[in-house]
Amino acid sequence: MNISEYSLRNKVISWLFVVLLLVGGSISFTQLGQLEFPEFPIPQAMVNTVYPGASPEQVEEEVTLPIEKAIQQLEYVKHISSVSSAGVSQIEVELKETFPVHTHPQIWDEMRRKVDDIQSQLPPGVMTSVVNDDFGDVFGIMLNISGEGYSYRDLENYADFLRRELSLVKDVKKVNIAGEVREQVLIEISQAKMAALNLDPSWIFGLLQNQNVVSNAGDMLISGQKVRIHPTGEFMNIRELENLLVSLPGSSELIYLGDIASISRDYDETPMSLYRSNGQPALSLGISFAKNVNVVDVGRAIDARLAEMEPARPVGLDLTTVYNQPDVVDQSVSDFLVSLVEAVAIVIVVLMFAMGLRSGLIMAAILLLTIFGTFIGMWLLDVNLQLISLGALVIALGMLVDNAIVITEGVLVGLQRGQSRLEAIRQVVKHQQWPLLGATVIAIIAFAPIGLSPDLTGDFMKSLFTVLCISLIISWVLAITLTPFFCNLFFKEAPTALIGDEVDPYKGLLFTIYRKLLQKALTHRIISISLTGLLLVVAVIGFGNVKQAFFPPSNTPIFFVDLWFQEGTDIRQTSERVAQIEQEVMKLDDVLNVTSVMGMGAQRFILTYMPEKVYSSYGQLIVEAENLETVKALIPEVYDVMDQQHDVEYKIKLLQNGPTPIAGIEARFYGPDPAVLRKLGAQAIAVMEAEPGAMGVRHTWREKQDIVRPVLDEAAARRSGISKKAIDQAMLVNFSGMQVGLYRDGSHMLPIIARAPDEERLNADSISDLQIWSQERNSFVPVSQAVTGFETETENPLVQRRDLRRMLAVMADPSPLSDDTPESIRLRLKEKIEAIPLPDGYTFEWGGEKEMSEDAQTNLFSSLPMGYLSMFLITIFLFGTIRQPLAIWATVPLAVIGVSAGLLLLNKPFTFTALLGLLSLSGMLVKNGIVLVEQINIEARKDITIQAAILEASISRVRPVCMAALTTMLGMIPLVFDAFFSSMAVTIIFGLGFATVLTLVVLPVIYLLLHRIRFDQGEMT
């Protein structure tokens, strides 16, 4: 007794199976984690090292290069990219895809040890390197804290309060604050006064550092009690700093710090980053979630806690939501449920019209039970509800009834031919269960390259394969268990008098037309194959005109304006310029919120957002609109605003749906000489700027930057008792300010900064009037006695390296609203860029979207040969011959005809998801081919000619093959309007539609050809 007979004989068990699927699926659905994007690792870390006072080339040679060499020794490393700027080294490390996620923490620890070991070999003055492996943290909720009239300290206090309270909410992983501006104590010392009083600056700085230090004074024993000794003298407020005695020991005069300096509290003028929210200074609060949680529930808990804390929010202090992932996910799940209902309704209606009411109800029941079973499988395998898995469920909808259609169709035909219900069920299950299993496994293997791809894109798309694998396996199980059970319940037994009488079930108009068409094609087999081949050639040629893209933009109504001012621009100037642009953008209609970030990118609030590294000349506007249509209307207006700005490079970009590079088009030049690299880059920029579709053309080394170089006369300096370090320190204090101690204000540690008054430090000419303290002479000496003059030079402010070689990249992007894609523009630029002559020792390569897309495709195709070999072997095992599998596989390329036509007709790009759709079509077509060829074999066993067997088998398979294809195609319709899956849906709809029609005609013809049979020579009986 097989499993289908068991389900028929044990009705209680079958009904229990139904109940378990319904109840278990419902409970599992409520327990599934809900996310916006699948959790996938970002295998990158940053190594940041500060080397105060060093030039970019010194940083590169003395810090970046040794650390890079140490990291390169690790076998796990794929790429090392670095930026060396004045006093700062930023190294980005990317791991190879072959190392699984659970090994990453161990790898980062090993890298830390390598970095720690190299610290002793770095030059004096280099601060300890910091390894940041939280580079990929995603803050799904990002809030701005702002308020007119509130200081940064006020904002920070409220942000700390929120961080403390929200960190306690269940399933909140981390709460991070960005954009903090450090408060400091400023001691502005007039150099003229110090020179008049002949006070050694080092003496004053030493007093400030030692007076306010926390040190251990010990304890004493009194009557058996230990009593701690804690002297006074620490500064309790900044007024006490003014009373600090700074006169030298033994001096007859009492000089206080307040006599020679102005002391105040203020905020750092040059912080690393700044935020503004709708024009107001702000702090950014990011909230990240724990793994495998329902972010919608966590979002509700956070909202509830914020509501409870609302009375504690100061009046006039605003909390502005920049991004709320729980709301986005909630909407996505709601949209999925709508798409699911639409797709189910489409499938059921089609099946009811094509196969009758009872058959339609059976298909509907099987479809819903399969979906519920898939929810159970997703819960067991920790697959969350997110963009990819939800799309996979919709993709699977039309495929889930394929097996059930074949079984139900076979039962219907058996009944019409006079068989009893049980006899019809037994016969169809006996003949079809193993071919259907083989076809299902082949369909799963067709999606396997997605699940086996080891790269970032594979991790991103992996849940697509997992969900399809679960659902297709369940669909086969239900096809041979519950489908026969429901057929036995729903279908009526033929009247006793008619049992044994055969009725032709293929009298309809569709069957008649198909019979005549197939007879013509089989009779003129060479002409049929030639016409099909011609169609395929035309489709392949037409495919060359299809736009190429990697991943499409998101539907989220947010876009970005990236701004690059002249390199070397102070963050204060950057902030002023960004504020001007920000005000103009805020005047535009339909702009809801504008968040400005200066100095670096924003916190990563969405997985596909790539924050920019630290540059004081960089700014970004995050513009939120009402909906995607509003975004499309706003972007041209923002272009108009930006066209009125001068001395700024900019790029407008949409939020992306998948892994994306920093720039869509990137031309990389490698070589040792910065001057030659700049020359090559200038030629590439000229080519790109001449291309109308290329926007935001720029290169990574930016403009050269002016520097002032005091020319030291070593002999004169030695005679005056002045060292280079003394000159550097005097200039540091006079212009930028130097930290000389710490001031404690409760839990806040405020640096004490010594600097010159504004009239001195903001006057560049004062450099020639500088007075330097001479330890040997014990007095101030004019800088002119040690410096012969001041020269102005230029330097490369940024030295970029990739894999231990200097690299200059020229980047561009298409306009976000144009029909151009990065690849289409790159192809137009390719010939001219690659024609740029390269000197010996210099190399060129393409990066950007082309590199990322090729890496993804390479990893995808790495498992493709084995997958297709497995699929081919399965077809051989099913039929025990080589010619029949060859006939089936010969129809697979026919999908290109429909794919090319569909993408060109609807003007859709061929994206990475479309590539996945094209690969999956092979499984669908092979599955249809198996059903058809198996039926030919069944008919051939009867007492008829092979020609008649081919004709009758093909006619008998028209309805199940067409229904299987039609349900898959119609189930895809909701995805045509989804930004992420649109290209895939078009690929599958048109590819499967064209290929199915052609397969029903071409496969029998190829079968004849491979078996060397002439159709017109067979006797039709």
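Basis of the calculations
- Residues numbered from 1 in each chain as written.
- Predicted model: local features only at pLDDT ≥ 70, side-chain atom pairs only at ≥ 80, totals over all residues.
- Heavy atoms only, no water.
- Phe/Tyr/Trp six-rings, centres within 6.5 Å; stacked < 30°, edge-to-face > 60°.
- Helix = DSSP H or I, 4+ residues; strand = E, 2+ residues; numbered from the N terminus.
- pLDDT = per-residue confidence, 0-100.
- Contact = heavy atoms within 4.5 Å.
- Salt bridge = Lys/Arg side-chain N within 4 Å of Asp/Glu carboxyl O.
- Buried < 20%, exposed > 50% of the residue type's maximum accessible area, 1.4 Å probe, protein only.
- Core = buried A, V, L, I, M, F, W, Y, C linked by side-chain atoms within 4.5 Å.
- Patch = residues over 30% accessible without salt bridge, like charges linked within 9 Å, V, L, I, M, F, W, Y side chains within 5 Å.
- Areas by Shrake-Rupley, 256 points an atom, 1.4 Å probe, with all protein chains shown as cover.
- Axes fitted to C-alpha atoms, helices over the stretch in contact; angles between N-to-C directions.
- Left-handed = near helix turned anticlockwise from the far one by under 90°.
- Nonpolar A, V, L, I, M, F, W, Y, C, P; charged D, E, K, R; others polar.
- Pairing = 2+ DSSP bridges.
- Expected span 1.5 Å × (residues − 1).
- Polar contact = N/O pair within 3.5 Å; in protein donor to acceptor, adjacent residues only side chain to side chain.
- Disulfide = S-S within 2.5 Å.

K.L.:
How do you make sense of the packing of aromatic side chains when you look at a structure like this?
P.N.:
Centre distance and the angle of the planes are the two values used to describe a pair of aromatic rings. Applying the stated criterion across every chain, the model contains 22 aromatic pairs. Each ring, one from Y158 and one from F161, has its centre 6.0 Å from the other, and the planes form 40°; the classification is tilted. Here the residue Y158 and the residue F161 both occupy positions in helix α5 (residues 152-166), the gap between them amounting to three residues, near one helical turn. Here W434 and W476 contribute two aromatic rings whose centre-to-centre distance is 6.3 Å and whose plane-to-plane angle is 35°, an arrangement assigned as tilted. Highlighted residues: W434 in helix α15 (residues 421-452) and W476 in helix α16 (residues 456-479), separated in sequence by 42 residues.

K.L.:
I'm lost on the confidence of the model for the protein chain in this one. Help?
P.N.:
Predicted coordinates in regions of low pLDDT should not be interpreted in detail. Mean pLDDT over the protein chain works out to 87, with 97% of the residues at or above the 70 mark. Low pLDDT (under 50) marks residues 496-501, which in the prediction has seven contacts with non-local residues, meaning those over four places away or in another chain.

K.L.:
Please clarify how the pattern of salt bridges should be interpreted in this entry.
P.N.:
Opposite charge on two side chains lets them pair, provided their charged atoms get close. Summed over all chains, the structure comprises 48 salt bridges. Among the ionic pairs, R163 bridges to D160, the shortest N-O distance being 2.7 Å. Residue R163 and its partner D160 are located together in helix α5, separated by three residues, close to a single helical turn. Residue classification places D160 among the partly exposed residues on the basis of a relative accessible area of 22%. The shortest N-O distance in the salt bridge between K587 and E584 comes to 3.4 Å. A cluster of three or more residues bridged by salt bridges with shared partners is formed by E188, E269, D570, R572, R755, D758 and R761.

K.L.:
So what exactly am I meant to see when it comes to the side chain of S146 here?
P.N.:
Assignment of secondary structure puts S146 in strand β5 (residues 141-146). The class of S146 is buried, set by a relative accessible area of 3%. With residues near it in sequence (within four places) discarded, S146 still touches L155, S277, Q280, P281, A282, G316, L317 and D318.

K.L.:
When you look at the nonpolar core in this model, what are you seeing that I'm missing?
P.N.:
General note: in soluble globular proteins, nonpolar side chains tend to be found buried as a group. Residues L166, I302, M461, L464 and F559 are the most contacted members of the largest nonpolar core, which totals 224 residues. Looking at which element gives the most residues to this core, the answer is helix α34 (residues 982-1010), with 16 residues. What I302 contacts, discounting residues up to four positions off in sequence, is I141, L166, V169, V172, I287 and F289. Core analysis: the next-biggest nonpolar cluster, separate from the first, contains 28 residues, I255, M738, A754 and F780 among them.

K.L.:
Help me out: how do you make sense of a nonpolar patch on the surface in this one?
P.N.:
On the surface, Y6, I13, L16 and L20 cluster together into a nonpolar patch covering about 380 Å² of accessible area. Considering every element that reaches the nonpolar patch, the biggest residue donor is helix α2 (residues 11-31), with three residues. Relative to the helices and strands, I13 resides in helix α2. A residue is classified by how much of its surface remains accessible, and I13, at 40% relative accessible area, is partly exposed.

K.L.:
Can you walk me through the packing of α2 against helix α17 (residues 482-490) in this structure?
P.N.:
Relative placement of two packed helices is described by the angle separating their axes and the distance separating the axes. Where α2 contacts α17, the axes come no closer than 11 Å and their chain directions differ by 115°. With respect to the hand of their crossing, α2 and α17 are arranged in left-handed fashion. Contact residues: α2 offers K11, S14, W15, F17, V18 and L21, while α17 offers L482, F485, F486 and L489. Partitioned by chemical class, the residues of the contact of α2 with α17 number eight nonpolar, one polar and one charged.

K.L.:
Explanation requested: the sheet that holds strand β10 (residues 261-267) in the structure shown.
P.N.:
The strands that make up a sheet pair up through hydrogen bonds in the backbone, lying either parallel or antiparallel. Read across the sheet, four strands follow the order β10-β7-β22-β21 without closing on themselves; strand pairing throughout is mixed. Pairing within the sheet leaves two strands with one partner each, and these edge strands are β10 and β21 (738-745). Each adjacent strand pair in this sheet contributes to an overall mean axis angle of 25°, direction not counted. Sheet topology places strand β7 (residues 183-189) next to strand β22 (residues 748-755); four bridges connect them, and they run parallel. Bridged to L186 within β22 is I753. In the packing of α5 onto the sheet, the strands contacted are β7, β10, β21 and β22, and the crossing angle to β22 comes to about 155°.

K.L.:
Explain helix α4 (residues 104-118) to me, please; I cannot follow it from the model alone.
P.N.:
The α-helix winds at 3.6 residues per turn, so residues separated by three or four positions along the chain end up facing the same way. Relative to the 21 Å expected for 15 residues at 1.5 Å per residue, α4 spans 21 Å between its end C-alpha atoms, a close match to the ideal helical length. Against the buried residues of α4 lie β1 (44-50), α3 (56-72), β3 (88-95) and β4 (130-132).

K.L.:
Would you mind showing me how to read the pairing of strand β9 (residues 225-228) here?
P.N.:
For a regular strand, side chains alternate in direction, first toward one face of the sheet and then toward the other. Alignment of strand β8 (residues 219-222) against β9, held across four bridges, turns out to be antiparallel. The residue of β9 that forms the bridge with M220 is V227. Counting the residues that bridge the hairpin from β8 to β9 gives two residues, and of these S223 lies at a positive phi of roughly 50°.

K.L.:
What should I look at first to understand unusual backbone geometry in this one?
P.N.:
Residues other than glycine predominantly adopt negative phi, and peptide bonds predominantly adopt the trans conformation. We note that S223 has phi near 50°; this positive angle belongs to a residue other than glycine. As for its position among the elements, S223 is in the loop between β8 and β9. Among the residues examined, S223 registers a relative accessible area of 77% and is labelled exposed. With phi around 70°, L804 is a residue other than glycine that occupies positive phi space. Tracing the chain through its elements places L804 in the loop between β26 (799-802) and β27 (805-814).

K.L.:
What am I meant to see in the side chain of S463 here?
P.N.:
Mapped onto the secondary structure, S463 falls in helix α16. In this structure the side chain of S463 is engaged in a polar contact, spanning 3.0 Å, whose partner is the side chain of Q386. Dropping the residues within four chain positions of it, S463 is found in contact with P38, V383, Q386, I388, S389 and A392.

K.L.:
Where do I start with the state of the cysteines in this structure?
P.N.:
In a disulfide, the sulfur atoms of two cysteines are held together by a covalent bond. With the rule as written, the count across this model stands at zero disulfides. Cysteine C487 shares no disulfide, and the gap to the nearest cysteine sulfur, in C962, comes to 20 Å. On the basis of relative accessibility, which here comes to 1%, the residue C487 falls in the buried class. Overall, the relative accessible area of 25% leaves C962 in the partly exposed class.

K.L.:
Help me understand the environment of P672 in this model?
P.N.:
Mapped onto the elements of the fold, P672 is located in the loop between β18 (665-670) and α22 (674-689). The class for P672 is exposed, based on a relative accessible area of 53%. Taking the C-alpha atoms as reference, P672 lies 36 Å from A786; in sequence the two are 114 residues apart. Leaving out residues up to four positions away in the same chain, P672 has contacts with R806, G841 and Y842.

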